[in-house]
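The residues making up each chain are set out below.
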Amino acid sequence: MKPDIHPNYIPVVFQDLSSDFAFLTKSTMSSKETIKWEDGSEYPLIKVDISSHSHPFYTGKQKTLDVGGRVDKFRRRYAGSVKE
């Protein structure tokens, strides 16, 4: 690799704000905020709204929203031709 053209790849802590879950990994992102990690060292802190710890796809707690009665409308329209 050529020197001085790549961003710094450093350890950072990502914190999920919705579930108070945090994990240490390496990233090119940086932050002025820091956090003291379990090993006693301070790392830059990146706050995220959602992660694999809180995302419905990974937690298995998906919700199906029936906006405007679309499912009922579909069932009424195709009542004779749809088998459940």
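Criteria and cut-off values
Position numbers for residues count from 1 along each chain, tracking the sequence in the order it is written. The model is predicted, so local features are restricted to residues of pLDDT at least 70 and side-chain atom pairs to those at 80 or more, both for listing and for counting; the totals for chains, interfaces and linings are taken over all residues. As a convention, hydrogens and water are excluded, and side-chain values are obtained from all of the structure's heavy atoms. Salt bridges are identified by distance alone: a Lys or Arg side-chain nitrogen within 4 Å of an Asp or Glu carboxyl oxygen. Here a helix means four or more residues in a row that DSSP labels H or I, a strand means two or more in a row labelled E, and each is numbered from the N terminus. For the exposure calls, accessible area comes from a 1.4 Å probe over protein chains only, and a residue counts as buried if that area is under 20% of its type's maximum, exposed if over 50%, partly exposed in between. Strand pairing requires that DSSP identify at least two bridges connecting the strands. Here the aromatic set is Phe, Tyr and Trp, taking the six-membered ring for Trp, and pairing holds for ring centres within 6.5 Å; pairs whose planes are under 30 degrees apart are stacked, those over 60 apart are edge-to-face, and all others are tilted.

Undergrad: In this structure, what is going on with the pattern of salt bridges? I would like to understand it.
TA: Side chains carrying opposite charge are able to pair once their charged atoms draw close together. In the structure shown here, the tally under the stated rule is 1 salt bridge. Salt-bridge contacts for glutamate 33 lead to lysine 47; the nearest nitrogen and oxygen are separated by 3.3 Å. With glutamate 33 in the loop between strand S2 (21-27) and strand S3 (34-36) and lysine 47 in strand S4 (residues 42-48), this pair connects stretches of sequence that are 14 residues apart. For lysine 47, a relative accessible area of 44% gives the class partly exposed.

Undergrad: Where do I start with the pairing of strand S1 (residues 10-16) in this structure?
TA: Regular strands place side chains that alternate from one sheet face to the opposite one. Counting buried positions along S1 yields 5 of 7 residues, so the element is predominantly enclosed. Relative to S2, S1 is paired through 7 bridges, and the arrangement is antiparallel. By the bridge assignment for S2, valine 13 is matched with leucine 24. What sits between S1 and S2 in their antiparallel hairpin is a turn of 4 residues, with aspartate 20 showing a positive phi close to 55 degrees. With 4 bridges joining them, S1 and S4 adopt parallel strand pairing. The residue of S4 that forms the bridge with glutamine 15 is lysine 47.

Undergrad: How should the packing of aromatic side chains be read in this particular structure?
TA: When we look at a pair of aromatic rings, we describe it by the centre distance and by the angle of the planes. This structure, assessed with the given rule, holds 2 aromatic pairs. A ring pair is formed by phenylalanine 14 and phenylalanine 23, whose centres lie 5.7 Å apart and whose planes are at 20 degrees; its orientation type is stacked. In this structure phenylalanine 14 comes out as buried when scored by relative accessible area, which is 12%. Judged by centre distance (5.9 Å) and plane angle (35 degrees), the ring pair of phenylalanine 21 and phenylalanine 23 falls under tilted. By relative accessible area, phenylalanine 21 is classed as partly exposed at 28%. In this structure phenylalanine 23 comes out as partly exposed when scored by relative accessible area, which is 32%. Put simply, the rings of Phe14, Phe21 and Phe23 touch in pairs and so form one group of aromatic residues.

Structural measurements only, silent on function.
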